[in-house]
Amino acid sequence: MNKYFFIFVIVSAFLYFSFTNNNEPGKKTDDQHKVDSLNNLALDYFENNNLKSTILILQKSSVLAKTTNYKSGEAESYNILGKVLYTRDLLDSALLFFKKSITLKKELGDEIGIAFSSANIGAIFDIKGDYYKALENYFLCQRILKKHKKYSELGRIYNNIGLAYHNLNKHKDASNYLYQALGYLKDPKDSAFIAHCYNNIGMVLFKLSDYPASLKNYQKSLGIKRRLNDKKGMGSTINNIAGIYLKTNQPDSALVYLKMARTLIDNMDEVILRSECNNLTALSYFKLGDISKALFYAKESY
C-alpha cells in the first residue's frame with residue numbers, strides 16, 4: 001500500500017544503530033580522545049546534511065585511529081562512513097565499510113558493537129532485496145541485544161525482522177515480530193517509532209485481509225503522529241486508512257480521509273505521497289461513478 005513509507009521505516013531503524021563504544025583497556029591517549037572528538041564532529045555534520053565536511057573529518061579520524069592502533073575509534077569512523085555512503089545510495093561501498101567496522105569490533109570482543117553493525121548490514125541487504133541475508137544479520141543482532149537486555153533497540157530490530165518477512169510475503173510471521181516489537185518499545189522517547197510500528201502492523205494486517213484490525217492499528221499510529229505533529233507521517237497513514245475504506249467499498253469515507261491527507265501533503269514537497277493520494281482519490285471517484293473527477297485525479301497522480 002505504501003512502499004515509500006515502508007522504506008522510510010527501514011531507514012529510521014538503520015540510522016538508529018550508531019554508537020561510540022570503547023572496549024579497549026587502559027586510559028585513553030590524547031590522540032584517542034582526538035579521534036573520538038573528530039568522530040563526534042563528523043556525526044554532527046552528518047546529521048546536518050553536510051556530507052562533504054563529514055567525509056573530510058572521517059578521513060582524518062580514520063587515519064589517526066589506524067596510525068595509533070585505536071581500533072574502537074577506527075571502527076566507529078568506518079561505521080559513520082558507511083552511513084554516509086548509504087545516504088548517497090552507494091550501498092555496496094557502505095556495506096564494505098560496515099564489514100570493516102564489524103571486523104574490528106569482533107577483534108575487540110565488542111558484542112554490542114557487533115549487534116549494531118549487524119543491524120546496519122542487515123538494512124543494506126534489506127534495501128537490496130536480499131531479505132534472507134538481511135534476516136541472518138537481524139537475528140544475530142537480536143540474539144546479542146536480548147542477551148544484554150537492550151530493550152528499546154530490540155523493538156527496532158524486531159520491527160525490521162517483521163518487515164523483512166512482510167517482503168517475503170510471510171505476513172503471519174511479519175505480524176508476530178511486529179507485535180513483539182511493540183512489546184519492547186515502552187520508553188516515551190520511542191513514541192515516533194511506536195507510531196511507525198503500528199503503521200507497519202496495519203500494513204501487514206491489510207495483506208492478511210483483516211481490515212478492521214488493520215484500521216485499528218492505523219488509527220493508533222495516526223493518533224501518536226498527531227500528538228508529535230509528524231505531518232509527513234500523518235499524511236502517509238491517512239492515505240493507508242483511505243486505502244482500507246476503498247478496499248471495503250466505502251469510497252465516500254475514503255474521500256473524507258483523502259481530503260485530510262491532501263491538506264497536509266499539498267504543503268509539503270512529497271511527490272510520492274501526493275501521487276498516492278491522487279491515485280486513491282481517482283479510484284474512489286471511479287467507484288462512485290464520477291468519471292470526470294476520476295480522470296482528473298488520475299492525471300494528477302502522474
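Heads up: these notes are all about the structure in this document. (Residues numbered from 1 in each chain as written. Predicted model: local features only at pLDDT ≥ 70, side-chain atom pairs only at ≥ 80, totals over all residues. Heavy atoms only, no water.)

## Some words on the overall build of the protein
Here comes step 1: A count of helical and extended segments in the protein gives 15 helices and zero strands.
Here comes step 2: Taking the principal axes of the C-alpha coordinates as reference, the protein spans close to 75 × 40 × 35 Å.
Here comes step 3: Here the protein holds 302 residues, and the buried ones make up 54% of them.
Here comes step 4: The long-range share in the protein, meaning contacts at least 24 apart out of those at least 6 apart in sequence, stands at 59%.
Here comes step 5: Total accessible area on the protein is roughly 14400 Å²; 53% of this is exposed by carbon and sulfur atoms.
Here comes step 6: The positive charge centre, built from 41 side chains, and the negative charge centre, built from 29, are 4 Å apart in the protein. (Helix = DSSP H or I, 4+ residues; strand = E, 2+ residues; numbered from the N terminus. Buried < 20%, exposed > 50% of the residue type's maximum accessible area, 1.4 Å probe, protein only. Contact = heavy atoms within 4.5 Å. Areas by Shrake-Rupley, 256 points an atom, 1.4 Å probe, with all protein chains shown as cover. Lys, Arg positive; Asp, Glu negative; His and termini not counted. Charge placed at Lys NZ, Arg CZ, Asp CG, Glu CD.)

## Observations concerning the side chain of serine 284
Here comes step 1: In this structure, serine 284 sits in helix α14 (residues 271-288).
Here comes step 2: Aside from chain neighbours lying at most four places away, what touches serine 284 is Leu246, Pro251, Ala254, Leu255 and Leu258.

## Re helix α2 (residues 30-47)
Here comes step 1: With 18 residues, α2 extends 26 Å from end C-alpha to end C-alpha; this agrees with the ideal 26 Å at 1.5 Å per step.
Here comes step 2: Backbone geometry just after α2 places asparagine 49 at a positive phi near 60 degrees. (Expected span 1.5 Å × (residues − 1).)

## Here's the deal with the nonpolar core
Here comes step 1: Core analysis: the largest hydrophobic core is formed by 60 residues, its most contacted members being Ile124, Leu135, Tyr138, Leu145, Ile157, Ile161 and Tyr165.
Here comes step 2: The element contributing the most residues to this core is helix α6 (residues 111-128), with nine residues.
Here comes step 3: Apart from residues lying up to four places away in sequence, leucine 145 is in contact with Ala115, Phe116, Lys150, Glu153, Leu154 and Ile157.
Here comes step 4: With 29 residues, the next largest nonpolar core counts Met203, Leu264, Tyr285 and Tyr297 among its residues. (Core = buried A, V, L, I, M, F, W, Y, C linked by side-chain atoms within 4.5 Å.)

## Quick word on the pattern of salt bridges
Here comes step 1: Using the criterion set out here, one finds 10 salt bridges in the structure.
Here comes step 2: Lysine 189 is the salt-bridge partner of aspartate 190, the closest N and O atoms lying 3.9 Å from each other.
Here comes step 3: The shortest N-O distance in the salt bridge between glutamate 270 and lysine 232 comes to 3.9 Å. One end of the pair, glutamate 270, is in the loop between α13 (251-265) and α14; the other, lysine 232, is in helix α12 (residues 231-247), with 38 residues separating them in the sequence.
Here comes step 4: What makes glutamate 270 buried here is its relative accessible area of 15%.
Here comes step 5: Through salt bridges that share partners, Arg156, Lys189 and Asp190 make up one connected network. (Salt bridge = Lys/Arg side-chain N within 4 Å of Asp/Glu carboxyl O.)

## Comments concerning helix α11 (residues 211-228)
Here comes step 1: Along its 18 residues, α11 runs 26 Å from first to last C-alpha, staying within 8% of the 26 Å computed at 1.5 Å per residue.
Here comes step 2: When we look at burial in α11, the residues that qualify are Tyr211, Ser214, Leu215, Asn217, Tyr218, Ser221, Leu222, Ile224 and Lys225.
Here comes step 3: You can read the cap of α11 off the contacts: a side-chain oxygen lies 3.4 Å from the backbone nitrogen of alanine 213, and it is on aspartate 210.
Here comes step 4: Phi for asparagine 229, located one or two positions after α11, is positive at around 55 degrees. (Polar contact = N/O pair within 3.5 Å; in protein donor to acceptor, adjacent residues only side chain to side chain.)

## Notes on the packing of α6 against helix α8 (residues 151-167)
Angle between the axes and distance between the axes: these two values describe a pair of packed helices.
Here comes step 1: Remark: α6 packs on α8, axes separated minimally by 11 Å, with the N-to-C direction vectors making an angle of 25 degrees. Judged on the interaxial angle alone, α8 and α6 are roughly parallel. Taken as a pair, α6 and α8 cross one another with a handedness that is left-handed. Contacts between α6 and α8 involve Phe116, Ala119 and Asp126 from the former and Glu153, Ile157, Asn160, Ala164 and Asn167 from the latter.
Here comes step 2: Here the residues of the contact of α6 with α8 sort into four nonpolar, two polar and two charged. (Axes fitted to C-alpha atoms, helices over the stretch in contact; angles between N-to-C directions. Parallel < 35°, antiparallel > 145°, perpendicular 65-115°, else oblique. Left-handed = near helix turned anticlockwise from the far one by under 90°. Nonpolar A, V, L, I, M, F, W, Y, C, P; charged D, E, K, R; others polar.)

## Here's the deal with the packing of α8 against helix α10 (residues 191-207)
Here comes step 1: With their axes 11 Å apart at the nearest point, α8 and α10 run at an angle of 20 degrees to one another. Between α8 and α10, the angle is such that the two are roughly parallel. Here the hand of the crossing between α8 and α10 comes out left-handed. Residues Gly155, Arg156, Asn159, Leu163 and His166 of α8 lie in contact with α10, whose contacting residues are Phe193, Cys197, Asn200, Met203, Val204 and Lys207.
Here comes step 2: Classifying every residue of the contact of α8 with α10 by side-chain character gives five nonpolar, four polar and two charged.

## Focus: the side chain of glutamine 142
Here comes step 1: With respect to the secondary-structure elements, glutamine 142 resides in helix α7 (residues 131-147).
Here comes step 2: Engagement of the side chain of glutamine 142 in a polar contact is seen with the side chain of tyrosine 158, the distance being 3.0 Å.
Here comes step 3: The contacts of glutamine 142, once residues within four sequence positions are left out, are Leu154, Ile157, Tyr158 and Ile161.

## Considering unusual backbone geometry
Here comes step 1: Not every positive phi belongs to a glycine, and asparagine 69 is a case in point at roughly 60 degrees.
Here comes step 2: Within the fold, asparagine 69 resides in the loop between α3 (51-67) and α4 (71-87).

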